[in-house]
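Secondary and tertiary structure notes
Residues per chain, in single letters:
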Amino acid sequence: VMFCDQYPGELDRKAADAFLDRCSDSPDWHSGVTHQEDMENKLTIRSKLFVSEDDDFVKQVIDLATQKLDRDLVMVDGYLNIYPVLHHGTKHQDLMCDVVALVYLHRPWEPEHEGYTVFFSEDDWNYQVDAGMPYSMNMAIFDGRIPHMAIPFTEKAQFDRITLALKLRYANRIAGDRIF
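Positions within a chain are numbered from 1, following the residues in the order the chain's sequence is written. The predicted nature of this model means local features are confined to residues of pLDDT at least 70 and side-chain atom pairs, given and counted, to a pLDDT of 80 or more, with totals for whole chains, interfaces and linings taken over all residues. No hydrogens and no water enter the side-chain calculation; it runs on all heavy atoms of the structure.

**A look at the overall build of the protein**
Numbering goes from the N terminus for both helices and strands, where a helix is a DSSP run of H or I of at least four residues and a strand is a run of E of at least two. Helix and strand counts for the protein come out as three helices and nine strands. In sequence order, the protein lays out its α and β elements as β-α-α-β-α-β-β-β-β-β-β-β. Burial status across the protein gives 47% buried among its 180 residues. Residues count as neighbours in contact if any of their non-hydrogen atoms are within 4.5 Å of one another. For the protein, the share of sequence-separated contacts (at least 6 apart) that also reach a separation of at least 24 residues comes to 80%. Total accessible area on the protein is roughly 9,000 Å²; 48% of this is exposed by carbon and sulfur atoms. Burial here depends on accessible area, computed with a 1.4 Å probe over protein chains only, as a share of the maximum for the residue type. Under 20% is buried, over 50% is exposed, and the range in between is partly exposed. Each accessible area is a Shrake-Rupley result for a 1.4 Å probe, and residues are judged covered by the shown protein chains and nothing else.

As structure tokens, then:
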């Protein structure tokens, strides 16, 4: 798994905040609409807001992913996942794309908040192979075939976990492409 730290000029916090302001105008942002449910624990994502590839911040993220992978990428799907404290995602793969880019847009994160993005073996979904810390404004780029999930923030966080998830495909795809 390749993680990109925040470098000056790569992902702009002001642009991210403006993006979040635009998204917060959506009725789903405040509605508590549930789009995904973990049947075992009954914990849910509060909202899943779809985003446009025409948004300036989304373009900035796609451009950075393209630069880091040195491959032209196009967006297949994109959305914000908003997880309240103690809520988490489900273990899954993103098979409709080649690359997933996650950008953590929540407030500054500390290790005691937990809420990692956890990655599992493709061969054994019970075997954890890595975990990424969701530092604010960090971007994780990984192969969509890698099983992954968000684990919950602890109550110490006192804020929602907000992740921009972009599902990307290679513009000039070659059969069997793997990014890492």
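**Concerning the nonpolar core**
A general feature of soluble globular proteins is that nonpolar side chains tend to end up buried together. The nonpolar core is taken to be a set of buried Ala, Val, Leu, Ile, Met, Phe, Trp, Tyr and Cys residues, with the residues joined through side-chain atoms within 4.5 Å. Ranked by size, the top nonpolar core spans 30 residues in total, and within it F19, F57, L80, L105, L164 and L166 carry the most contacts. Residue assignment for this core shows that the elements contributing at least two residues are α1 (13-24), α3 (56-69), β3 (73-83), β4 (99-104), β7 (139-143) and β9 (161-170). The greatest single-element share of this core, amounting to seven residues, is contributed by α3. If near-sequence neighbours (up to four positions away) are discounted, L105 is found in contact with R13, A16, F19, L20, F57, L80, M137, I162 and L164. One finds Y79, V100, Y104 and A140 within the second-largest nonpolar core, a separate group that totals 10 residues.

**Examining the environment of V100**
Structurally, the position occupied by V100 is in strand β4. Given a relative accessible area of 0%, V100 falls into the buried group. Each C-alpha atom, one on V100 and one on D143, is 6.2 Å from the other, the two residues being 43 residues apart in sequence. Every residue in contact with V100, bar those within four places of it in the chain, is listed here: D94, A140, I141, F142, G144, L166 and K167.

**As for the pattern of salt bridges**
Salt bridges, as used here, are contacts in which a Lys or Arg side-chain nitrogen is within 4 Å of a carboxyl oxygen on Asp or Glu. Summed over the entire model, instances satisfying the criterion amount to four salt bridges. When the shortest N-O distance is used, the salt bridge between D17 and R13 registers 3.0 Å. With D17 and R13 both in helix α1 and four residues apart, this pair spans about one turn of that helix. According to the relative accessible area criterion, D17 is partly exposed, its value standing at 34%. As a salt-bridge pair, R22 and D55 come within 2.8 Å of each other at their nearest N and O atoms. Of this pair, R22 sits in helix α1 while D55 sits in the loop between β2 (47-50) and α3, and the two are 33 residues apart along the sequence.

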